[in-house]
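# Descriptive analysis of the structure
The chain contents come next:
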Amino acid sequence: MTEIYLIRHAEAEGNIFRRIHGHYNSLLTPRGLRQAAALGKRFENVPLDGCFASDLTRTCQTARAIYVPKGLTLHRDARLRERNLGWWDDYATGYIRYFYPKEMDAFSYDPAHWVCDGAESYEELTDRLITGLRDAAGCYDGGRIAVVCHSIAIYCLLLRLFFQNEPEKLTYSDNTAVSHLFYDKGAFTYDSLNDNTHLMGELSGDFVKRWWQEAGLMREKDLYYLPPEEVSLPAGFPMPEGEGTTLIAMNRTLPVGAITLGKVQGNCGEILGITLLPEMEGRFYTDQLLGCAFSHFRKFGCTELLALGDAYPENVLERYDFDLMSRKRSIDAEHFTW
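Quick look at the structure, then. (Residues numbered from 1 in each chain as written. Predicted model: local features only at pLDDT ≥ 70, side-chain atom pairs only at ≥ 80, totals over all residues. Heavy atoms only, no water.)

## Topic: the overall build of the protein
Along the protein, the regular secondary structure elements total ten helices and twelve strands. For 338 residues, the compact-globule estimate of 2.2 N^0.38 gives 20 Å, and the protein sits close to it at 20 Å. Evaluated residue by residue, the protein yields a buried proportion of 55% over its 338 residues. For the protein, long-range pairs separated by at least 24 residues make up 69% of all intrachain contacts whose partners lie at least 6 apart in sequence. Averaging the locations of the 35 positively and 47 negatively charged side chains of the protein gives two centres separated by 2 Å. (Helix = DSSP H or I, 4+ residues; strand = E, 2+ residues; numbered from the N terminus. Rg over C-alpha atoms; globule rule 2.2 N^0.38 Å. Buried < 20%, exposed > 50% of the residue type's maximum accessible area, 1.4 Å probe, protein only. Contact = heavy atoms within 4.5 Å. Lys, Arg positive; Asp, Glu negative; His and termini not counted. Charge placed at Lys NZ, Arg CZ, Asp CG, Glu CD.)

Encoded structure:
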């Protein structure tokens, strides 16, 4: 029998930038790195024989907190990736939620029957996950392994293995939540699912979700973006200074902020400014606007961002670890040595 600790990655860009990330490769957020450190402390006195993760950076960054202190080798396996989400990948969640509400409900509440052009079916996803997990267990038969995976993948895997007839009993994994499984003679069993008791306070994997719920903003949490010419802006709406590509952040039909994106200089993309209506501060909207820059400039092959201009709402540059002298930070999610 092999013991398996199945773990969701720590908070990544898509979670807080509110972008739909399947095979899209992204980084952990600064808070996600702190969550990963707490996860590593949880496993400090747990003997492990092996550590596995999908080959995407957000899972490997999370796994680093486990395998490095134990002197293990990380086994990266593309079969453990998140679901291939087809043309939705890297779209703003608010765009899909606003323009495709029925499809978004199916994606959130009935993933076994959700379909999208270019996406994996539920059967294709769970077949590769089960095969990957069985092979990982077989590598350390009779031992104990950690496997770092993704939320939709974990949900669909557990649904197929244990809850096909009672899906209402299964909830999604929070960031760094741990499920304790066993594999023996071709069959999986479990004794606990989606435990995140190693996280406290603002590190809790569902901290942001709880904040939205308590503020009554669950239906208003996700933004989408339009060019200014497609939006009727109220008088005095704050616009970033500078000549570039401006996008207006929309909360349903209400414009709430804007970002202006500048030139590409070598491997670096320029942010000219971010603005937000004062009454919209404190809702993680600035994070979503910053996520536009990550997405936009990665398409041009940029690996760095430079934040020009003076005022950025909610100390977003400090919170996302921009160097306060150079005003730069890396957005490179591709080149790591594991």
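Having seen the structure, we can now continue with the description.
## A look at the pairing of strand β6 (residues 187-195)
Summarising the sheet, strand β5 (residues 178-184) and β6 pair through six bridges and their orientation is antiparallel. Within the sheet, the bridge partner assigned to Leu181 lies in β6 and is Tyr190. The turn linking β5 back onto β6 is made up of two residues, and Lys185 within it adopts a positive phi angle of 55°. (Pairing = 2+ DSSP bridges.)

## A closer look at the side chain of Arg128
Within the secondary structure, Arg128 is located in helix α6 (residues 122-139). Of note is the side chain of Arg128, whose polar atom sits 2.8 Å from the side chain of Glu120. Those residues in contact with Arg128, other than ones at most four positions away along the chain, are His23, Ala78, Arg79, Leu80, Arg81, Glu82, Arg83, Asn84 and Glu120. (Polar contact = N/O pair within 3.5 Å; in protein donor to acceptor, adjacent residues only side chain to side chain.)

## Focus: the packing of aromatic side chains
One pass over the full model with this rule turns up 22 aromatic pairs. Considering the side-chain rings of Trp87 and Tyr91, the 5.1 Å spacing of their centres and the 90° angle between planes classify their relative orientation as edge-to-face. (Phe/Tyr/Trp six-rings, centres within 6.5 Å; stacked < 30°, edge-to-face > 60°.)

## Focus on the environment of Ala187
Looking at the secondary structure, you find Ala187 in strand β6. With 127 residues separating them in the primary sequence, Ala187 and Glu314 have C-alpha atoms 49 Å apart.

## Description of the environment of Leu181
With respect to the secondary-structure elements, Leu181 resides in strand β5. Residues Leu181 and Glu3 lie 178 residues apart in sequence; the distance between their C-alpha atoms is 6.0 Å. Discounting chain neighbours no more than four positions away, the residues touching Leu181 are Thr2, Glu3, Ile4, Leu6, Leu133, Leu158, Phe162, Thr189, Tyr190 and Leu193.

## Here we look at unusual backbone geometry
Residues apart from glycine generally show negative phi values, whereas peptide bonds are mostly found in trans. Residue Thr176 is not a glycine yet carries a positive backbone phi of 65°. Of note in the backbone geometry, Arg252 takes a positive phi value of approximately 60° without being a glycine. Exposure remark for Arg252: the relative accessible area of 32% places this residue in the partly exposed category.

## Considerations on the pairing of strand β4 (residues 144-149)
Of all six residues that make up β4, five are buried, and the element is covered over most of its length. Bridge count between strand β1 (residues 2-8) and β4: six bridges; the pairing is parallel. Bridging across to β4, Leu6 finds its partner in Val147. Bridge analysis of strand β2 (residues 50-53) against β4 gives four bridges, and the strand direction is parallel.

## Considerations on the pattern of salt bridges
In this structure the tally under the stated criterion is 18 salt bridges. In this structure, Asp55 and Arg81 form a salt bridge, with 2.6 Å as the shortest nitrogen-oxygen distance. In this pair, Asp55 sits in the loop between β2 and α3 (57-70) while Arg81 sits in the loop between β3 (74-76) and α4 (93-99), placing the two residues 26 residues apart along the sequence. Where Glu304 meets Lys328, a salt bridge forms, and the shortest distance between an N and an O atom there is 3.9 Å. Taken together, the positions of Glu304 in strand β11 (residues 304-307) and Lys328 in strand β12 (residues 328-330) put the pair 24 residues apart, joining distant regions of the chain. (Salt bridge = Lys/Arg side-chain N within 4 Å of Asp/Glu carboxyl O.)

## Examining the nonpolar core
Formed by 39 residues in total, the largest nonpolar core has its most connected members in Ile259, Ile271, Leu290 and Leu305. Contributions of two or more residues to this core are made by α1 (13-17), β7 (224-226), β8 (245-251), β9 (254-265), β10 (268-276), α9 (285-298), β11 and α10 (316-319). The element contributing the most residues to this core is α9, with seven residues. Every residue in contact with Leu305, bar those within four places of it in the chain, is listed here: Cys268, Gly269, Ile271, Ala293, Phe294, Phe297, Phe322, Arg327, Lys328, Arg329 and Ile331. Listed in part, the 35 residues of the second largest apolar core include Leu6, Ile96, Ile130 and Cys156. (Core = buried A, V, L, I, M, F, W, Y, C linked by side-chain atoms within 4.5 Å.)

## What about the sheet that holds β3?
Overall, mixed pairing links the six strands, which are arranged β3-β2-β4-β1-β5-β6 in an open sheet. Where the open sheet ends on each side, the last strands, each with one partner, are β3 and β6. Mean inter-strand twist for the sheet, computed between neighbouring axes without regard to direction, equals 20°. Taken strand by strand, α3 contacts β1, β2, β3 and β4, and its axis lies near 170° from that of β2. (Axes fitted to C-alpha atoms, helices over the stretch in contact; angles between N-to-C directions.)

## What to know about the environment of His23
Within the element layout of this structure, His23 appears in the loop between α1 and α2 (30-42). Along the sequence, His23 and Gly86 sit 63 residues apart, while their C-alpha atoms lie 9.0 Å from each other. His23 has contacts with Leu56, Arg81, Glu82, Arg83, Asn84, Asp89, Glu120 and Arg128, leaving out every residue within four places of it along the chain.

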